[in-house]
Amino acid sequence: MSYKLEYKTISFGLDPTTRQPTQGIAGNFYIPSYQRGYRWTKDEVTKLLDDIWESGGEPYSLQPIVVKGLGSGSWELIDGQQRLTTLWILLRFMQKGTIPYSLEYETRPESLTYLQNIDAGRSTDNIDFFHIYQAYATIAAWFVNKMGAPYQQFLIDEMFRFLSTSVRIIWYEVPEAEKPIPLFTRLNQGRIPLTDSELIKAVLLANIEKVKSGRETEVAAQWDGIERDLQRDDIWAFVASRNYHDHTRGTRIDLLLDTLAKKPATGARRYHTFDALQNEAQASSLEFWKKIVALHAQIMGWFEEPRWHNKIGFLVACGKSLGDILLLSQGQGKQAFEKALVVRINETLNIKADDLGDLSYENSSAKTTLQRLLLLFNVEICRERFPFKEHVDTRWSLEHVHAQNAQDLTRAEQWQVWLQEHENALQTIRSGSNDTEIDSLTDEIGEATQRLADSQFRREQFNDLSGRIQRTLSGGLLAEADHGIRNLALLSHGANAALSNAVFEVKRQKVLEMDKRGDYIPMATRNVFLKYYSPADRLQLHFWSPADKDAYFLAIKDTLNKAGYLK
């Protein structure tokens, strides 16, 4: 037998859409010794009741019940004891007829007796009785308090109607050969629930086996192949939006299924994807599988072509979903699709070329635009596929190429590190003509370091000395702080913290050290500190001059404007 997966309502009634009888939960559920007793608290019970009520009679799926058949209408309950027990207590409270299923405990037979006669006086006999009684009391209080005592019977009738017609559990029946303890451990270690993709796979393979026996083995192998492709970080990073980069996710094929199910990025109900696709996977299993294969092929085609890969990857980094990109591509030829991507990037940035110079780091509303512009500049100058995997799960921030905020430092240990770093930078700009100035500053740094150790160095003294050091390291000029894009580059947050409050030469040396270590540095950031954009006839290796800023700014503006990304 293969895996079997279907919906079951909690009790028996009529489907409100088809007017056909619903299949409720029935039989005897055996709870083996490897499971703990009933432990749901008031919070879990209340949430279950609220979820059922708020479903309002619309189809609503509770988490799966995982069972293995024991024969004669009996089931080993592998996962779902807490839900199934709570539902049993709820049905008992509502007193709407005989409860069609029963619970049997391998090591706690007295719990079954107590369920059938819940008694406050015995609730302290053991921990299981305590939680069972607390759940019963919570349910009783909920029906009184939800709308008031006069509405209690109305609530009971409505809730029972929901449980009989529209609220269902996902019934997941495993083969008799399945070993229950390892499966129970996986599902309960860290509370890893069955995912939409696992549920869809079970439905798909079971129904393909019925339609074309033997084909399910081939489909299972193809499914694993798609998953292996998506497990490649370079593929995953360019196509999966940030909310999918959660290391607790077991599988990545969920992205394809969520896209086919048109799952919203936020606010989707639990098992939205399974609910949306289950009927199609069951009724047209082979055609449904072709859709998954086609979407995978589409992604791989985009990945292999750098001009598509880079544009799509940027849009995804800006929060666009695979579904958004797929919608853009529908009915489009290659050139039309590429043009549509350019238009969407233009709309996402929403910035005129003439307004680039007005964007300021000090304006919080402009920071996102600045980060996107610098990321796109890095993407655009990359001749091959841009390494989006280096940007995933890393906090990127804007770094001043040449900082002029040493006066923001307020602690002695910060002053000492700043002075040591800038003393090293002073030695790199010796040219013979400035030896006297550098020697004098070096002596002052040595004296300041000694006085710092004796706690005799004050903030105003540091500000004076740091100002003169900055002037020397800025070619004799000490202009006002520049927070525009011409003085900004993209760096990881950790690297930014290590480089902040330093002048260009100090940062240049550190960037080179990082580069030698093999740290990832965005190409444009690396180019800036290597003076790649600076005019050759005015090249000053150790300073970040107005001419350097202008050349860098022009490179950004021309590159993005030529590509059609600016308005």
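Residues numbered from 1 in each chain as written. Predicted model: local features only at pLDDT ≥ 70, side-chain atom pairs only at ≥ 80, totals over all residues. Heavy atoms only, no water.

Enquirer: What am I meant to see in the sheet that holds strand β3 (residues 60-71) here?
Expert: Hydrogen bonds along the backbone pair up the strands of a sheet, which may run parallel or antiparallel. The sheet built from six strands is open, its strands ordered β1-β6-β3-β4-β2-β5 with mixed pairing. Every interior strand has two partners, whereas the edge strands, β1 (4-9) and β5 (101-105), have only one. Across the sheet, the mean angle separating the axes of adjacent strands is 35 degrees when strand polarity is ignored. When β3 meets strand β6 (residues 167-174), the two strands line up parallel, connected through seven bridges. Considered in β6, the bridge of S61 is made with R168. (Pairing = 2+ DSSP bridges. Helix = DSSP H or I, 4+ residues; strand = E, 2+ residues; numbered from the N terminus. Axes fitted to C-alpha atoms, helices over the stretch in contact; angles between N-to-C directions.)

Enquirer: How do you make sense of unusual backbone geometry when you look at a structure like this?
Expert: For residues besides glycine, phi is generally negative; the peptide bonds are generally trans as well. Within the chain, Y271 stands out as a residue other than glycine whose phi angle is a positive 60 degrees. Relative to the helices and strands, Y271 is located in the loop between α10 (254-260) and α11 (272-283). Backbone geometry at N350 places phi at a positive 50 degrees, although glycine is not the residue there. Structurally, the position occupied by N350 is in the loop between α15 (334-349) and α16 (364-380).

Enquirer: In this structure, what is going on with a nonpolar patch on the surface? I would like to understand it.
Expert: A contiguous nonpolar patch, built from M147, Y151 and F154 and spanning about 280 Å² of accessible area, is present on the exposed surface. You can see M147 is positioned in the loop between α4 (127-145) and α5 (152-165). In this structure M147 comes out as partly exposed when scored by relative accessible area, which is 34%. (Patch = residues over 30% accessible without salt bridge, like charges linked within 9 Å, V, L, I, M, F, W, Y side chains within 5 Å. Areas by Shrake-Rupley, 256 points an atom, 1.4 Å probe, with all protein chains shown as cover. Salt bridge = Lys/Arg side-chain N within 4 Å of Asp/Glu carboxyl O. Buried < 20%, exposed > 50% of the residue type's maximum accessible area, 1.4 Å probe, protein only.)

Enquirer: I keep staring at the side chain of K507 and nothing clicks. Help me out?
Expert: Considering the arrangement of structural elements, one finds K507 in helix α21 (residues 504-517). Only 2.5 Å separates the side chain of K507 from the side chain of E399, close enough to count as a polar contact. (Polar contact = N/O pair within 3.5 Å; in protein donor to acceptor, adjacent residues only side chain to side chain.)

Enquirer: Can you walk me through the nonpolar core in this structure?
Expert: Generally speaking, nonpolar side chains in soluble globular proteins are found buried as a group. One finds F274, W302, I312, L373 and Y552 to be the most contacted residues of the largest nonpolar core, which totals 101 residues. Excluding residues that lie within four positions of it along the chain, I312 makes contacts with F238, W302, I325, F337 and L341. Judged by nonpolar contacts, the second largest core, of 46 residues, contains I10, L48, L91 and F129. (Core = buried A, V, L, I, M, F, W, Y, C linked by side-chain atoms within 4.5 Å. Contact = heavy atoms within 4.5 Å.)

Enquirer: Help me out: how do you make sense of the packing of aromatic side chains in this one?
Expert: Two numbers describe a pair of aromatic rings. These are the distance of the centres and the angle of the planes. For the structure on display, the rule yields 19 aromatic pairs. A centroid spacing of 5.0 Å and a plane angle of 80 degrees characterise the contact between W142 and F143, whose relative ring orientation is edge-to-face. Here W142 and F143 have matching classes, each one buried. With a centroid separation of 4.9 Å and 70 degrees between ring planes, the pair formed by F386 and F388 is classed as edge-to-face. Relative accessible area serves as the criterion here: at 4%, F386 is assigned to the buried category. On the basis of relative accessible area, F388 is assigned to the buried category, the value being 5%. Aromatic ring contacts, followed pair by pair, group F29, W75, Y101 and W171 into a single cluster. Between the NZ or CZ atom of R385 and the centre of the ring of F303, over which it lies, the distance is 4.2 Å. (Phe/Tyr/Trp six-rings, centres within 6.5 Å; stacked < 30°, edge-to-face > 60°. Lys NZ or Arg CZ within 6 Å of the ring centre and 35° of its normal.)

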